[in-house]
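So the chains spell out like this:
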Amino acid sequence: MKGFLLNILLFISLTPSVCVYGQQEQREPLPAEQEISLKYGADRLGKRQDAAMQRFRENRLGLFIHWGLYAIPGGEWNGKTYKGAAEWLKSWAGVSSDEWLQLMERWNPTKFNAKSWAKTARRMGAKYVKITTKHHEGFCLWPSKYTKYTVANTPCRKDILGELVKACNDEGIDVHFYFSVMDWSHPDYRYDIKSKEDEEAFGRFLDFTENQLKELATNYPSVKDFWFDGTWDASIKKNGWWTAHIERMLKEMIPGVTINSRLRADDFGKRHFDSNGHLMGDYESGYERKLPDPVLDLKVTKWDWEACMTIPENQWGYHKDWSLSYVKTPCEVLQRIVHAVSMGGNMVVNFGPQADGDFRAEEKKMAEVIGNWMSRYGEAVYGCDYAGWEKKDWGYYTRKGEDVYMVVFNAPYAGKLNVKVPNGVKITRACVVNGEEVKAEEIARNEFNVDMPSGKMDGPFVIKLTIDHASDKSDKYLKAKT
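Here's what I pulled together on the structure shown here. Treat the numbers as computed from the prediction; the structure is a model and nothing was measured.

Things to note about the overall build of the protein
Secondary structure summary: the protein contains twelve helices and 20 strands in total. Taken against the 2.2 N^0.38 rule, which gives 23 Å for 482 residues, the C-alpha radius of gyration of the protein at 24 Å falls within 12% of a compact globule. Over its C-alpha atoms, taken along the principal directions, the protein stretches across nearly 80 × 65 × 40 Å. Residues counted as buried form 56% of the 482 residues belonging to the protein. Taking all contacts inside the protein whose residues are at least 6 apart in sequence as the whole, residues at least 24 apart take part in 71%.

Next up, the structure:
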């Protein structure tokens, strides 16, 4: 007992400071000599560099689809409209699982067309689709043999997941699986483990969940990513061994598959980042309502990460009334996409299809506007990364090899876009992507002014910079000084 208490005190004394963004905890890694021995912490330091991870990283833009029984009531229950996230309506309205799952009798999305969904994603410029295989309600979009709460037991009876996987693959789009560990439909789920009975019940639940994940990996082996959710309860945090086991199992079943940080908990229940400050999983997935600050939070550029966002504020599943919350404009969505890429992250834009299986008109318009912009300027997004240049008020930098892109959202009245370059870097040419060449004038050491395009721009635009790593000895300001 004495040794156990000493270990706990040591752990507390060595736990690094925490900075919370969204739902994840970011830590500065401990010095190697102070690290705690962990069985279930990070299995790797630094970014994965294999081809599958590189593909994930280069895709940059994805479409998130939240679809389940919650689309049928669409945020309303017994005549009352709930402002909260529609996919949580069961909880907001205090509906029992038995009553909620009766919605299966009404699940008949006659307008669902997997090919149409895949073409919408492609038109939007999305390189991957992330689909909710099962949300917290427990209803499965595939015919799972481990539960009766599946599409197989509805009037629809289609394997929605299977159809979407095929349609996306036919369009050259990768498929990622969202999977909620928390399951309101299962009698053995526990929010915490407080007794022997809880432990036994939750053990059965973990077996059930593992079987479902094996089923998904076996039935749909072309899946590229598992994005876990519903893992914040004490019951999961007390079973960090299981989260590490599931990650290993899926990677053995599907070589190259990526796993998000939200699955993992370490020996002490720390999530996303282990007790030594190292990222667990392959990429951080905690950004939903706030993106990292492009000046203050540059540490995120050291690892892979992915943000996801809604169009109406915090509405993931279909809600009938978008007037209840702020609705982002296409330009705002584009800015968030570029913001993420400029810091080395991916962005997934969320749609919540209607109960009939069709996207709402606002989502179709959003896909059209984003797709039109991406078709013109996508080279500043796909395959791009953090440029390492000082952030400017006019917009963002992205980088691909030796090409640096200026993505301009706030055009200055002065008509000059100020650029500060790192030591030894020169701008040798500047041109609007798919447009004219513009002047780039060196005005001081490490500082250039880039002219605005001559014509009127109808939205955010991109200027591509050709750079040269000149020797500091050739710098005219150094020569003048000497």
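After presenting the structure, the write-up continues.
Side note on the packing of helix α5 (residues 114-124) against helix α6 (residues 160-170)
Packing of α5 against α6 leaves a shortest axis separation of 8 Å and a crossing angle of 45°. With respect to their mutual orientation, α5 and α6 come out oblique. As α5 runs across α6, the sense of the crossing is right-handed. Where α5 approaches α6, its residues Ala114, Lys115, Trp117 and Ala118 are matched on the opposing element by Glu163, Leu164, Ala167 and Cys168. Partitioning the contact of α5 with α6 into residue classes produces six nonpolar, no polar and two charged.

Digging into the sheet that holds strand β18 (residues 440-444)
Strand order across the open sheet formed by three strands is β15-β19-β18, with antiparallel pairing between neighbours. Unpaired on one side and paired on the other, β15 (416-420) and β18 mark the two borders of the sheet. The average angle at which neighbouring strand axes cross in this sheet is 30°, direction not considered. The sheet contact formed by β18 and strand β19 (residues 447-451) spans four bridges and is antiparallel. What sits directly across from Ala444, in β19, is Glu447.

Re the side chain of His136
Turning to its location among the elements, His136 is positioned in the loop between β6 (128-134) and α6. When its relative accessible area of 1% is taken as the criterion, His136 is described as buried. Polar side-chain contacts of His136 include one of 2.7 Å to the side chain of Ser180. The contacts of His136, once residues within four sequence positions are left out, are Trp88, Tyr178, Ser180, Met182, Asp183, Trp184, Ser185, Asp229, Gly230 and Trp232.

Structural notes on the pattern of salt bridges
This structure, assessed with the given rule, holds 36 salt bridges. The closest approach of N and O atoms between Lys166 and Asp170, which form a salt bridge, is 2.8 Å. Here Asp170 and Lys166 lie together in helix α6, a separation of four residues that amounts to about one turn. There is no split in this pair, since Lys166 and Asp170 are both exposed. Here Glu368 and Lys365 are joined by a salt bridge, their closest N and O atoms 3.9 Å apart.

Overview of the sheet that holds strand β20 (residues 461-469)
Sheet architecture is open: five strands sit in the order β13-β14-β20-β16-β17, paired in antiparallel fashion. Only two strands of the sheet have a single partner each, and these edge strands are β13 (395-400) and β17 (437-438). Two strands pair when backbone bridges link them, and strand β16 (residues 425-432) and β17 are joined in this way by two bridges, in the antiparallel orientation. Bridging from a neighbouring strand, Ala430 pairs with Val438 of β17. Each of β13 and β14 (403-408) is contacted by helix α10 (residues 330-342), which is oriented at about 50° to β13, the strand it contacts most.

Examining the packing of aromatic side chains
One pass over the structure, following the stated rule, counts 32 aromatic pairs. Between Phe273 and Trp303, the aromatic rings sit 5.1 Å apart at their centres with planes inclined by 70°, giving edge-to-face as the arrangement. Here Phe273, found in the loop between β9 (258-259) and β10 (284-287), pairs with Trp303, found in the loop between β10 and β11 (305-309); they are 30 residues apart in sequence, far enough to count as distant. By relative accessible area, which is 13% here, Trp303 ends up buried. Among the aromatic side chains, those forming a connected cluster through ring pairs are Trp67, Trp107, Phe112, Trp117, Phe139, Phe351 and Phe359. Its guanidinium or amino end placed over the ring of Tyr396, Lys391 lies 4.6 Å from that ring's centre, counting from NZ or CZ.

A few points about the pairing of β11
Burial runs high along β11: five of the five residues are buried. By the alternation rule, side chains of β11 split into Trp305, Ala307 and Met309 and Glu306 and Cys308, which are all buried. Bridge count for β10 against β11 is two bridges, and the pairing is parallel. Paired with Tyr287 across the strands is Ala307, a residue of β11. Pairing of β11 with strand β12 (residues 345-351) involves five bridges; the strand directions are parallel. Residue Ala307 lies in a different strand from β12, and its bridge partner there is Met347. Following the chain from β11 across α10 to the adjacent parallel β12, one finds a crossover that is right-handed.

Analysis parameters
Residues numbered from 1 in each chain as written. Predicted model: local features only at pLDDT ≥ 70, side-chain atom pairs only at ≥ 80, totals over all residues. Heavy atoms only, no water. Helix = DSSP H or I, 4+ residues; strand = E, 2+ residues; numbered from the N terminus. Rg over C-alpha atoms; globule rule 2.2 N^0.38 Å. Buried < 20%, exposed > 50% of the residue type's maximum accessible area, 1.4 Å probe, protein only. Contact = heavy atoms within 4.5 Å. Axes fitted to C-alpha atoms, helices over the stretch in contact; angles between N-to-C directions. Parallel < 35°, antiparallel > 145°, perpendicular 65-115°, else oblique. Left-handed = near helix turned anticlockwise from the far one by under 90°. Nonpolar A, V, L, I, M, F, W, Y, C, P; charged D, E, K, R; others polar. Pairing = 2+ DSSP bridges. Polar contact = N/O pair within 3.5 Å; in protein donor to acceptor, adjacent residues only side chain to side chain. Salt bridge = Lys/Arg side-chain N within 4 Å of Asp/Glu carboxyl O. Phe/Tyr/Trp six-rings, centres within 6.5 Å; stacked < 30°, edge-to-face > 60°. Lys NZ or Arg CZ within 6 Å of the ring centre and 35° of its normal. Right-handed = clockwise from strand over helix to strand, strands pointing away.

Take it as geometry only, folks, not as evidence of what the structure does.
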